[in-house]
Amino acid sequence: MALRTNLKRLLNPRLLLASWPWLLLLAAFAVLRISKGALLLDFYAQATRPFWPGSAQQEWLQKAQRFEDQQRIALLEAKLQEQQQHQALQLQKGPWLTAAVISRNIQGWWQQLILGAGALEGIRVGAAVTAPGGLLGRVSSVTPSTARVLLLGDPSSRVAVELQGKRGQGILVGDGTSRPRLAFLDKDVEVLPGDVVITSPASTIFPANLIVGVVQKVNFEATPAPEALIQLSAPVKAIDWVRVR
Amino acid sequence: MAIALDRSRALFATGLLVLLLTLANPSLVQLNGIPPCWVVLWLLPWAVVEGPVAGATAGIAMGLLLDALQGSNLSSVPVLALLGFWWGQFQTARRPLERSTTLGLLALLGTLLLNGSYALQLYGRAEFSRAAWQTTLAQTLLTALIAPLMCSLLVLFWRRISPQYLQPRSPQ
């Protein structure tokens, strides 16, 4: 009985009309809740402006920002210079040639591609073969109109590589799968899954800094030095055209 | 003479087809990305019809051609020669080979031997393939599955054009 009486009182239109300021306040609170207190924070910011930190720290920050900008400019200039040198080297070595993949053997006892371009187009034995994504392998033999590419996963493939940022060098050893093994040369190597592997400047076969793949799994227990499984970045199964130089 | 010429033409044509299939590696006929061992499917019927010498010779010839198609320097010649010679022993078999599962079994053993020889050669070169078992198993299964169908047809084909199976027609 009491509950019904109370409900009747609560829903009394006269009472509701009389208490409109409270209802308005409740609605305002609801808006604040939905906006995650945006109005409240803005109000707080304006209200506390006289008590904000002095300009000294602001100047320090601006100075640090200027310093960082200068560093970035210096870094970019160095990179630009490196890029220009790299480009000059590339021009010396000749342009990249494109070739179609006409035969693909990517699983089994040997892993190779046959390209529909050969010595007549200027492809030479030992040329690096890349695809969108990264390095695929190197040309192992050529005929006038075809070239055979030894893929990185082939058991006889050995490539000098390093982790991006010059953190560790090693040999990428093909083992008949699409995830070749990276045997590090140094025992104390800082490597984590996700690290990018690129061709080493020490390699006499491949141009330096070509992306090879990403570290997928690391075995620190391997002897004499840690080993990692590398997920190759060029999707060899899906590639129909490659670049050769 | 005309018969022999036809036979050699058929041998060259089918051999060429084997090389083309090995190069083209059609994705329709693959198990887990591994193709069947086309050369075994080609050599087995030829050897069981033509005998050990023709079998071994065809094995050596096709082995040389297959080795030329891959750059890894793994050789299939010794095993193919051996297989051709072994399968040639079945030329005088009393049982009708084409009607039994024997062809499938022979193809299975032949593929196992060929894959085993590749694994041994890699081992000898201090290289290894982590997918060796997977490759061997997939190729052996697929080849043994196709062999009873394809090899029995090829056995009948080679017998039809082989002079030793041609019987003079009796006068009516």
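Residues numbered from 1 in each chain as written. Chains lettered and ligands numbered in written order. Predicted model: local features only at pLDDT ≥ 70, side-chain atom pairs only at ≥ 80, totals over all residues. Heavy atoms only, no water.

**Student:** What exactly am I supposed to notice about the overall build of chain B here?
**Tutor:** Secondary structure summary: chain B contains six helices and zero strands in total. From first element to last, N terminus to C terminus, chain B shows the α and β order α-α-α-α-α-α. Taken over the C-alpha trace, chain B has a radius of gyration of 17 Å; the compact-globule value for 172 residues is 16 Å, and the two agree within 12%. Over its C-alpha atoms, taken along the principal directions, chain B stretches across nearly 65 × 30 × 30 Å. When burial is assessed residue by residue, chain B has 47% of its 172 residues classed as buried. Of all intrachain contacts in chain B linking residues separated by at least 6 positions in sequence, the fraction that spans at least 24 positions is 77%. Summing over all exposed atoms, chain B offers an accessible surface of approximately 9300 Å²; the carbon and sulfur share of this is 70%. (Helix = DSSP H or I, 4+ residues; strand = E, 2+ residues; numbered from the N terminus. Rg over C-alpha atoms; globule rule 2.2 N^0.38 Å. Buried < 20%, exposed > 50% of the residue type's maximum accessible area, 1.4 Å probe, protein only. Contact = heavy atoms within 4.5 Å. Areas by Shrake-Rupley, 256 points an atom, 1.4 Å probe, with all protein chains shown as cover.)

**Student:** Is there a simple way to think about the domain arrangement of chain A in this case?
**Tutor:** Interfaces are often described in size by the accessible area the parts lose on coming together. Here chain A is described as being made up of domain 1 (2–50), domain 2 (53–93) and domain 3 (97–244). Placing the centre of domain 1 of chain A and that of domain 3 of chain A at their C-alpha centroids yields a distance of 67 Å. (Domains from an automatic or database assignment.)

**Student:** Could you clarify how one ought to interpret the interface of chain A and chain B in this entry?
**Tutor:** Contact with chain A, which involves 21 residues of that partner, is made by 26 residues of chain B. Taking both sides of the interface into account, the surface hidden between chain A and chain B amounts to around 1900 Å²; carbon and sulfur atoms contribute 51%. Taken as a group, Gln107, Trp109 and Trp110 of chain A account for 40% of the area that chain A buries against chain B, more than any other trio of residues on that side. One salt bridge in this structure joins Asp175 of chain A and Arg130 of chain B, with 2.6 Å as the shortest N-O distance. Counting across the chain A and chain B interface gives nine residue pairs in polar contact (both at pLDDT 80 or more). Secondary-structure elements contributing two or more residues to the side of chain A that touches chain B are strand E1 (97–105) and strand E2 (112–115) of chain A. Considering each element in turn, the side of chain A that touches chain B owes the most residues, three residues, to E1 of chain A. The residue inventory of the side of chain A that touches chain B, partitioned by class, reads five nonpolar, nine polar and seven charged. (Buried area = accessible area lost by both parts, 1.4 Å probe. Salt bridge = Lys/Arg side-chain N within 4 Å of Asp/Glu carboxyl O. Polar contact = N/O pair within 3.5 Å; in protein donor to acceptor, adjacent residues only side chain to side chain. Nonpolar A, V, L, I, M, F, W, Y, C, P; charged D, E, K, R; others polar.)

**Student:** Would you take a moment to explain the packing of helix H2 (residues 38–50) of chain B against helix H4 (residues 77–88) of chain B for this structure?
**Tutor:** In helix packing, the relevant descriptors are the interaxial angle and the interaxial distance, both defined with respect to the helix axes. All names here are of chain B. Where H2 contacts H4, the axes come no closer than 8 Å and their chain directions differ by 35°. In this structure, H2 meets H4 at a crossing whose hand is right-handed. For the pair H2 and H4, the contacting residues are Val39, Val40, Leu43, Leu44, Ala47 and Val48 in the first and Leu80, Leu83, Gly84, Trp87 and Gly88 in the second. When grouped by side-chain class, the residues that make up the contact of H2 with H4 number nine nonpolar, two polar and no charged. (Axes fitted to C-alpha atoms, helices over the stretch in contact; angles between N-to-C directions. Left-handed = near helix turned anticlockwise from the far one by under 90°.)

**Student:** I would appreciate a short explanation of the sheet that holds E2 of chain A in the present structure.
**Tutor:** What links the strands of a sheet is backbone hydrogen bonding, and the strands pair in either a parallel or an antiparallel sense. Residues and elements named next belong to chain A. Spatially, the six strands close up into a barrel ordered E1-E2-E5-E4-E3-E12, and their pairing is antiparallel. Taken over all neighbouring pairs, the strand axes of this sheet differ in orientation by 45° on average, direction set aside. As judged from the four bridges shared by E1 and E2, these two strands associate in the antiparallel manner. Paired with Asn105 across the strands is Gln112, a residue of E2. (Pairing = 2+ DSSP bridges.)

**Student:** Explain the confidence of the model for chain A here, please?
**Tutor:** Do not read the predicted coordinates in detail wherever pLDDT is low. Residues at a pLDDT of 70 or more form 95% of chain A, whose mean pLDDT is 84. By mean pLDDT, the top-scoring element of chain A is strand E5 (residues 147–151) of chain A (92), and the lowest-scoring one is helix H4 (residues 38–47) of chain A (75). (pLDDT = per-residue confidence, 0-100.)

**Student:** Any chance you could explain the sheet that holds strand E8 (residues 181–184) of chain A here in plain terms?
**Tutor:** Taken in spatial order, the six strands close into a barrel running E6-E7-E8-E11-E10-E9 (chain A), and their pairing is antiparallel. Between one strand axis and the next, the sheet turns by 40° as a mean value, whatever way the strands run.

**Student:** Is there a simple way to think about the environment of Ser19 of chain A in this case?
**Tutor:** Positionally, Ser19 of chain A belongs in the loop between helix H2 (13–18) and helix H3 (20–34). Expressed as a C-alpha distance, the spacing of Ser19 of chain A and Trp109 of chain A, which sit 90 residues apart in the sequence, is 85 Å.

**Student:** What am I meant to see in the layout of surface pockets here?
**Tutor:** A probe as big as a water molecule, rolled over the atoms, marks out the empty space that is left. The computed volume of the second largest pocket comes to approximately 360 Å³. Taken together, 22 residues form the lining of the second largest pocket, with Ile106, Gln107, Thr177, Ser178 and Val236 of chain A sitting closest to its centre. Counting only elements with at least two residues in the lining of the second largest pocket, the list comes to strand E11 (227–232) of chain A together with helix H6 (132–161) of chain B. Of the residues that constitute the lining of the second largest pocket, the class distribution is 10 nonpolar, 11 polar and one charged. (1 Å grid on protein atoms, 1.4 Å probe; cavity = no way out; pocket = protein on both sides within 12 Å on 5 of 7 lines; lining within 4 Å. Points joined across faces, edges and corners; volume = space filled by probe spheres on them.)

**Student:** Can you walk me through the pattern of salt bridges in this structure?
**Tutor:** Opposite charge on two side chains permits pairing when their charged atoms draw close. All names here are of chain A. Evaluated as defined, the whole model comprises five salt bridges over all chains. We note a salt bridge from Arg104 to Asp240, for which the minimum N-O separation is 2.9 Å. Of this pair, Arg104 sits in strand E1 while Asp240 is found in the loop between E11 and strand E12 (241–244), placing the two residues 136 residues apart along the sequence. By relative accessible area, Asp240 is classed as partly exposed at 45%.

**Student:** For this particular structure, what's the right way to read the pairing of E12 of chain A?
**Tutor:** As a general feature of sheets, a regular strand has side chains that alternate between the two faces. Residue and element names in this part refer to chain A. Of the two faces of E12, the one holding Val242 and Val244 is buried and the one holding Trp241 and Arg243 is not buried anywhere. Here strand E3 (residues 128–131) runs beside E12; their pairing, made up of two bridges, is antiparallel. If you follow Thr130 over to E12, its bridge partner there is Arg243.

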